[in-house]
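Each chain, letter by letter, is given below.
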Amino acid sequence: MQKLLAVILLLSLGLNAYLLFDLKTNRPELKPATMNRVTLDDQKSLSQSNDARTNTVFSDDSSDKANNNAENAALQQQVTEAYQAPRAMSGEEIFELLQILQAKKKYDDLELLLREYLKLYPSDHKAWLIEADLIFHTEPLNAAIVFYYNLLEKNLPAEEENKINSIIEVNTSKVIQQLSADRAWDLLATFIEPLLQIDPLNRDYIMGLARAYGEQQQVVLMENALAALPYDDAKAQQLRESIYSPSTADTEDEIEGDITDTATLSRRTVTVLGNGQQFFVRAKIGSNSQMLLLDTGASTTAISQKVFASVPESDTEFVGRFSVQTAGGGIEAPLFKLNTLTLGDININNVSVIVLPDDTFTSSFEGLLGMNVLRNFDFRFDPEKQKMTLFER
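Calculation criteria
- Going along each chain's sequence as written, the residues are numbered from 1 onward.
- Restriction of local features to residues with pLDDT of at least 70 applies here, the model being predicted, together with a cutoff of 80 or more for giving and counting side-chain atom pairs; totals for whole chains, interfaces and linings are based on all residues.
- Working from all heavy atoms in the structure, the side-chain values ignore hydrogens and water.
- Secondary structure elements follow DSSP: runs of H or I no shorter than four residues count as helices, runs of E no shorter than two count as strands, and numbering proceeds from the N terminus.
- Any residue under 20% of the maximum accessible area for its type is buried, any over 50% is exposed, and the rest in between are partly exposed; the area is computed with a 1.4 Å probe on protein chains only.
- The criterion used for residue contact is that any of the two residues' heavy atoms lie within 4.5 Å.
- Computed with the Shrake-Rupley method and a 1.4 Å probe, the accessible areas treat only the protein chains shown as cover for residues.
- Any Lys or Arg side-chain nitrogen found within 4 Å of a carboxyl oxygen on Asp or Glu counts as a salt bridge.
- Under this rule, positive means Lys or Arg and negative means Asp or Glu; His and the chain ends count for nothing.

**Notes on the overall build of the protein chain**
Looking only at helices and strands, the protein chain has 15 helices and 11 strands in total. Taking all 393 residues of the protein chain together, 40% fall into the buried category. Across the protein chain, contacts joining residues at least 24 apart in sequence account for 58% of those joining residues at least 6 apart. When the accessible surface of the protein chain is summed, it comes to about 23,000 Å², and 51% of that surface belongs to carbon and sulfur atoms.

Written out as structure tokens, the structure is:
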């Protein structure tokens, strides 16, 4: 009996050894699982339409939409994981993720992750530039320019300093020219004031701020700004002359009410709708026609976010964010330059528009047509018919 048990035990041990050997030799190779990461190279390979607005709100291509949703979901997962456990990823991985968020203009996510990244790598000057770009798109433009000036106080490579100086020069010059052309003197003064405190000898700031004050008849403030220049400075004296003794050319932007019938025969007109109290015009913005309220008290045209969203990104240029006053109080709003705004068959190019929340306007109109557009026209009002007509200048 003992011999039989010994034989059975030996057979059992042999069978177990055979099974263990077979499992080991025939087991499929296990590869480590990898995270489904969206890299910067992946981002560059995406269609530009993933980042740009199109003429239509919804895409007819359901497969592209599904792919975009999947990519955004994967990106959102990466952001969440990086934010919750930033030390689990390398600095290079987090920085690449920051670049993707910056490129896709996902500024809320970028702000959160950048904050964590700078806690780990507070001296990364490339991250400082991303932070400056974030401020440029989310805060008033003068705050962004001040931040760039502060970066120049840090120990940066010469190449980065040159880049920052170029950014400051390009953006300040562009804004001063654009707002001056719009005669948006209140916005211009608000923009330059903090910059002149940082760079008090900047001639462009001095002349721009002095003119903004002077055009608003704030001559004491104008002279305070010009005090930084020699009194006999040619440009300063020219500005004083234009403010204290305006010529006909300087006042030709005033709204004219008397237009002879003969003068109107060769001039294109724009139909104005209204009831004698409020007047509206239909303006083509992008590919759509929008109803805008005529507002001679507004220096700059304003449109709703809904209207702006329908304009192709290629037809707009971001200028910056500014503090503006609305009926509901002061807010920060972005200023864009539109390639074209059309009234009737009249095209007006390079038009500044402030983009305001949708609830700023009533259901009867989607924006305000300000003086930066209206100064291209003369007004004629028929009190008997309660009818307004715009005549091209």
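That covers the picture; the talk isn't over yet.
**Notes on the pattern of salt bridges**
Charged atoms that come close allow side chains of opposite charge to pair. On inspection of all chains with the given rule, the structure shows 14 salt bridges. Two residues, Glu317 and Lys174, come together in a salt bridge whose shortest N-O distance is 3.2 Å. Taken as a pair, Glu317 in strand β6 (residues 316–326) and Lys174 in helix α8 (residues 158–182) lie far apart in primary sequence, 143 residues in all. We classify Lys174 as partly exposed; its relative accessible area is 22%. One network of salt bridges, in which partners are shared, links Lys126, Glu160 and Lys163.

**A few points about the side chain of Asp133**
Looking at where Asp133 falls in the secondary structure, it is placed in helix α6 (residues 125–138). At 8.9 Å, Lys105 is the nearest oppositely charged side chain to Asp133, a buried residue that forms no salt bridge. Beyond its immediate sequence surroundings of up to four residues, Asp133 is in contact with Gln102 and Tyr148.

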